[in-house]
Amino acid sequence: VDRVLVANCIETGWISSEGPAVKEFEAKLASKCGRRHAIACANGTAALDIAVKALKLGEGDEVILPSFCIISVITQVVRGGSVP
């Protein structure tokens, strides 16, 4: 099955973060989680960026983080103007 799906992506040119396979994945994920929408992200940093924006974190907002975490968490918080 995986080979067929990969071959289909190559044949149709949908080798990216968009396309019918991604839309189908998002719909199934949303349904499984009992939500109307889900967003597939290319990586964790992009997901963190979306989360910071969705939470409407802004200039000077304090965000409590674990003392040991990956740098992209801190970077996205600071980039949005918040204080870790």
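Since this is a predicted model, take the numbers as computed values, not measurements.

1. Brief notes about the environment of Thr12
Here's step 1: Inspection of the secondary structure puts Thr12 in helix α1 (residues 2–12).
Here's step 2: Taking relative accessible area as the criterion, Thr12 reaches 45% and is therefore assigned partly exposed.
Here's step 3: One polar contact links the side chain of Thr12 to the main-chain carbonyl oxygen of Asn8, over a distance of 2.9 Å.

2. Re unusual backbone geometry
Here's step 1: Despite not being glycine, Lys56 has its phi angle at roughly 55°, a positive value.
Here's step 2: Mapped onto the elements of the fold, Lys56 is located in the loop between α3 (44–54) and α4 (71–79).

3. So, the pattern of salt bridges
Proximity of charged atoms lets side chains of opposite charge pair with each other.
Here's step 1: Taken as a whole, this structure holds three salt bridges when the rule is applied.
Here's step 2: Where Asp49 meets Lys53, a salt bridge forms, and the shortest distance between an N and an O atom there is 3.4 Å. Of this pair, Asp49 and Lys53 both sit in helix α3, four residues apart, which is roughly one turn of the helix.
Here's step 3: Accessibility expressed as a relative area gives 17% for Asp49, which makes it buried.
Here's step 4: Residues joined by salt bridges that share partners form a network here, namely Asp49, Lys53 and Arg79.

4. Side note on the confidence of the model for the protein chain
Here's step 1: For the protein chain, the mean per-residue pLDDT works out to 90, and 99% of the residues sit at or above 70.
Here's step 2: Within the protein chain, α1 has the poorest average pLDDT of any element, 86, and helix α2 (residues 20–32) the best, 92.

5. Observations concerning the packing of α3 against α4
Geometrically, a packed helix pair is captured by the angle between its two axes and the distance between the axes.
Here's step 1: Where α3 contacts α4, the axes come no closer than 9 Å and their chain directions differ by 35°. For the crossing formed where α3 meets α4, the hand is right-handed. Contacts between α3 and α4 pair Thr45, Leu48, Asp49 and Val52 from the former with Ser72, Val73, Gln76, Val77 and Arg79 from the latter.
Here's step 2: Looking at side-chain class alone, the contact of α3 with α4 contains four nonpolar, three polar and two charged residues.

Reading the values: the criteria
- Residues numbered from 1 in each chain as written.
- Predicted model: local features only at pLDDT ≥ 70, side-chain atom pairs only at ≥ 80, totals over all residues.
- Heavy atoms only, no water.
- Helix = DSSP H or I, 4+ residues; strand = E, 2+ residues; numbered from the N terminus.
- Buried < 20%, exposed > 50% of the residue type's maximum accessible area, 1.4 Å probe, protein only.
- Polar contact = N/O pair within 3.5 Å; in protein donor to acceptor, adjacent residues only side chain to side chain.
- Salt bridge = Lys/Arg side-chain N within 4 Å of Asp/Glu carboxyl O.
- pLDDT = per-residue confidence, 0-100.
- Axes fitted to C-alpha atoms, helices over the stretch in contact; angles between N-to-C directions.
- Left-handed = near helix turned anticlockwise from the far one by under 90°.
- Contact = heavy atoms within 4.5 Å.
- Nonpolar A, V, L, I, M, F, W, Y, C, P; charged D, E, K, R; others polar.

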